[in-house]
Amino acid sequence: MSTVPPMGGDLSRLRQLNALTVIKTLRRAEAATLSALAERTGLSRPSTKEVIDELSTMGWVEEVPPASGTMGRPARRYRFRADGGHLMGLDIGAHNIRAALADLDGGVLAETRRPADPGAPLEDRLAAIEQAAAACLALGGLTTADLWAVAAGTTGLVGPEGRVVMSASIPAWRDLDLGGLLGEMFPCRVLVENDSRLAALAETRRGAARDARDVIFLHVGRRMGTGLIIDGRLHRGFGAAAGEIAMLPEAGWEDGPVDLDDAAIVPDGLPPEDAAGFTLAAARDGDPTALDAVARFADKLAVGTAAAVLLLDPEIVVLGGGFSRSADVLLPPLRSRLERVCLRMPKLSASTLGDECVVLGAIDYAIEHLDQLFFAPDAPALRPPVRPATSPSGPAPA
């Protein structure tokens, strides 16, 4: 029985899919030989060799020199050229601004941090962002012209096209075209997203919720917020307002850690930003006054968390943000309160990324955008690794 050979376009499509399969196998992995790649991808060795040759010509893959002292003729090994492009993540918080430079696999190459004043004028905050980014690029020996994408996480309600609708923590962040302002600093694609959502993304990609499909991230610190991952995808909601539990007065989240800040055990004269940490440390040492304050705080934290758990039935809830360093103090009372009301108790874990969660989530967000441009099955034909053309700022494609 004869078969009709594939048309030319079908053959081209097959080569594209084979190339994407090889790239996916090589990314974030050790260099591999042709035989190993053929085994992992399911391609024949000749097909694998053809794909590797094509990807090497394009610049996506390169041969790795044999290790010094290797005897005989070693098999050739190949790696994905993650250093072929660079991106930047920004964490624009009320009190600090972080910038991190990364390669195409999300490996952090340099990082800087600058203090910020929540009440500072807009111009001063934008200047601090630019200074943090410039210092980070200098550490990496690069300039803004080397960046393929920049993703920024910021406090507040972030709407379409990177506009911050409002922020309780940063008064100047109101109806602000942050994406457009950052676009004036960086000659590449700029993405802007809520910081709690990016923190949730980072935890599912490289943190405590790695590979989990349904996740609630609790952003607990000087302010309170949540980030949601549903079916493996960042969830924004219809109007990008999903997870804003702090807006519900009954949850008691709007005032943040007031129970910890105002505990009777806090000594006079202690800087306000250190009060909650003092109370949590005292609770760890068993101080009854501090433990009472933690219990009151846990009562409030549990209200919003339980509502989210009952609604979404997540696999895991991650306690992150500044207070993740005191997870040993906060998780036990939170767990006991959730167990009383949740039909199915999810796994409850502390963040493994700490203060880095937002900036790492921004990096992962930028990578997702670039992956859609270059490596998605429905992307245009694979092309050599060059910086994508600048396009309007805003959220990455869903």
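Residues numbered from 1 in each chain as written. Predicted model: local features only at pLDDT ≥ 70, side-chain atom pairs only at ≥ 80, totals over all residues. Heavy atoms only, no water.

Asker: Explain the nonpolar core to me, please; I cannot follow it from the model alone.
Answerer: Residues Leu 26, Ile 52, Leu 55, Trp 60, Phe 80, Phe 375 and Leu 382 are the most contacted members of the largest nonpolar core, which totals 55 residues. With 11 residues, the single largest contributor to this core is helix α11 (residues 357-374). Discounting chain neighbours no more than four positions away, the residues touching Phe 375 are Leu 20, Ile 23, Arg 27, Trp 60, Phe 80, Leu 370 and Leu 382. Formed by 38 residues, the second largest nonpolar core is a distinct cluster that contains Trp 253, Phe 297, Leu 330 and Cys 342. (Core = buried A, V, L, I, M, F, W, Y, C linked by side-chain atoms within 4.5 Å. Buried < 20%, exposed > 50% of the residue type's maximum accessible area, 1.4 Å probe, protein only. Helix = DSSP H or I, 4+ residues; strand = E, 2+ residues; numbered from the N terminus. Contact = heavy atoms within 4.5 Å.)

Asker: What exactly am I supposed to notice about the pattern of salt bridges here?
Answerer: Oppositely charged side chains are able to pair whenever their charged atoms sit close together. Under the defined criterion, the tally for this structure stands at 24 salt bridges. Between Arg 79 and Asp 83 there is a salt bridge; the shortest N-O distance is 3.2 Å. For Asp 259, the salt bridge goes to Lys 300, with nearest N and O atoms at 3.0 Å. Of this pair, Asp 259 sits in helix α7 (residues 258-261) while Lys 300 sits in helix α9 (residues 288-312), and the two are 41 residues apart along the sequence. Here Lys 300 falls in the partly exposed class, since its relative accessible area comes to 26%. (Salt bridge = Lys/Arg side-chain N within 4 Å of Asp/Glu carboxyl O.)

Asker: Would you take a moment to explain the UniProt feature "domain: HTH iclR-type" (unreviewed entry) in the protein chain for this structure?
Answerer: Under the feature "domain: HTH iclR-type" (unreviewed entry), the UniProt entry names residues 18-64. Each end of residues 18-64 is marked by a C-alpha atom, and these two atoms are 21 Å apart; helix forms 66% of the span and strand 13%. (UniProt positions renumbered as here; feature names shortened; annotations may be inferred.)

Asker: Can you help me understand the state of the cysteines in this one?
Answerer: One pass over the full model with this rule turns up zero disulfides. Just so you know, Cys 136 is unpaired, no disulfide at all, and the nearest cysteine sulfur is the one on Cys 188, 13 Å from it. Judged by relative accessible area, Cys 136 falls into the buried class, the value being 0%. Accessibility expressed as a relative area gives 2% for Cys 188, which makes it buried. (Disulfide = S-S within 2.5 Å.)

Asker: How should I be thinking about the environment of Arg 189 in this particular structure?
Answerer: Within the secondary structure, Arg 189 is located in strand β11 (residues 189-194). Between the alpha carbons of Arg 189 and Trp 148 there is a distance of 6.9 Å; along the sequence they are 41 residues apart.

Asker: What is the right way to read the sheet that holds strand β4 (residues 86-92) from this model?
Answerer: Strand pairing in a sheet relies on backbone hydrogen bonds, with the paired strands running either antiparallel or parallel. In space, the five strands of this open sheet follow the order β6-β5-β4-β7-β11, with mixed pairing throughout. Taken across any chain shown, the strands that pair with only one partner, and hence form the sheet edges, are β6 (108-115) and β11. Neighbour-to-neighbour, the strand axes of the sheet open up by a mean angle of 15 degrees, direction not taken into account. As judged from the seven bridges shared by β4 and strand β7 (residues 147-154), these two strands associate in the parallel manner. If you follow Leu 87 over to β7, its bridge partner there is Ala 149. In the packing of helix α4 (residues 122-140) onto the sheet, the strands contacted are β4, β5 (96-103), β6 and β7, and the crossing angle to β6 comes to about 150 degrees. On top of the sheet, helix α6 (residues 195-206) reaches β7 and β11; it is set at about 95 degrees to β11, its chief contact. (Pairing = 2+ DSSP bridges. Axes fitted to C-alpha atoms, helices over the stretch in contact; angles between N-to-C directions.)

Asker: Before we go on, may I ask you to explain helix α10 (residues 327-341) in this structure?
Answerer: Turn by turn, an α-helix covers 3.6 residues, leaving residues three or four places apart pointing in a common direction. Taking 1.5 Å of rise per residue, 15 residues should cover 21 Å, and α10 covers 21 Å from first to last C-alpha, within 8% of that figure. Restricting attention to buried positions, one finds in α10 the residues Ala 327, Val 329, Leu 330, Leu 331, Pro 333, Leu 334, Arg 337 and Leu 338. Buried-residue contacts for α10 involve β12 (215-220), α8 (272-284), α9, β15 (316-320) and β16 (347-350). (Expected span 1.5 Å × (residues − 1).)

Asker: So what exactly am I meant to see when it comes to the packing of α8 against α10 here?
Answerer: To characterise two packed helices, one gives the angle between the axes of the helices and the distance between these axes. Axis separation between α8 and α10 bottoms out at 9 Å; the angle between their running directions is 75 degrees. Relative to α10, the element α8 lies roughly perpendicular. From α8, Leu 280, Ala 283 and Arg 284 reach across to α10, where they touch Asp 328, Val 329 and Leu 330. Class assignment for the residues of the contact of α8 with α10 results in four nonpolar, no polar and two charged. (Parallel < 35°, antiparallel > 145°, perpendicular 65-115°, else oblique. Nonpolar A, V, L, I, M, F, W, Y, C, P; charged D, E, K, R; others polar.)

Asker: Even after reading the chapter, I still don't get the environment of Ala 202, so can you show me in this structure?
Answerer: Along the chain, Ala 202 falls in helix α6. Under the relative-accessibility criterion, Ala 202 is labelled buried at 0%. The sequence separation of Ala 202 and Cys 357 amounts to 155 residues, and the corresponding C-alpha distance is 6.0 Å. Dropping the residues within four chain positions of it, Ala 202 is found in contact with Gly 207, Leu 353, Cys 357, Leu 360, Gly 361 and Asp 364.

Asker: For this particular structure, what's the right way to read the packing of aromatic side chains?
Answerer: Any aromatic ring pair is given by two values, namely how distant the centres are and how the planes are angled relative to each other. Within this structure, the stated rule accounts for eight aromatic pairs. Aromatic side chains Trp 60 and Phe 80 sit 6.1 Å apart centroid to centroid with 10 degrees between the ring planes, which places their arrangement in the stacked category. With a gap of 20 residues between them, Trp 60 in the loop between α3 (45-58) and β2 (61-64) and Phe 80 in strand β3 (residues 77-80) connect regions that are remote in the sequence. Here Phe 80 falls in the buried class, since its relative accessible area comes to 4%. Judged by centre distance (5.0 Å) and plane angle (70 degrees), the ring pair of Trp 60 and Phe 375 falls under edge-to-face. Here Trp 60 is found in the loop between α3 and β2, whereas its partner Phe 375 is found in the segment after α11, with 315 residues between them in sequence. In terms of burial, Trp 60 and Phe 375 fall into one category: buried. (Phe/Tyr/Trp six-rings, centres within 6.5 Å; stacked < 30°, edge-to-face > 60°.)

Asker: Explain helix α5 (residues 178-185) here, please?
Answerer: Along α5, the positions that sit buried rather than exposed are Leu 178, Gly 179, Leu 182 and Met 185. Looking straight down α5, one finds that the buried residues subtend no more than 110 degrees of arc, so they occupy a single side. Next to the buried residues of α5 lie β4, α4, β7, β9 (163-166), β10 (176-177) and β11. (Arc of directions from axis to C-beta.)

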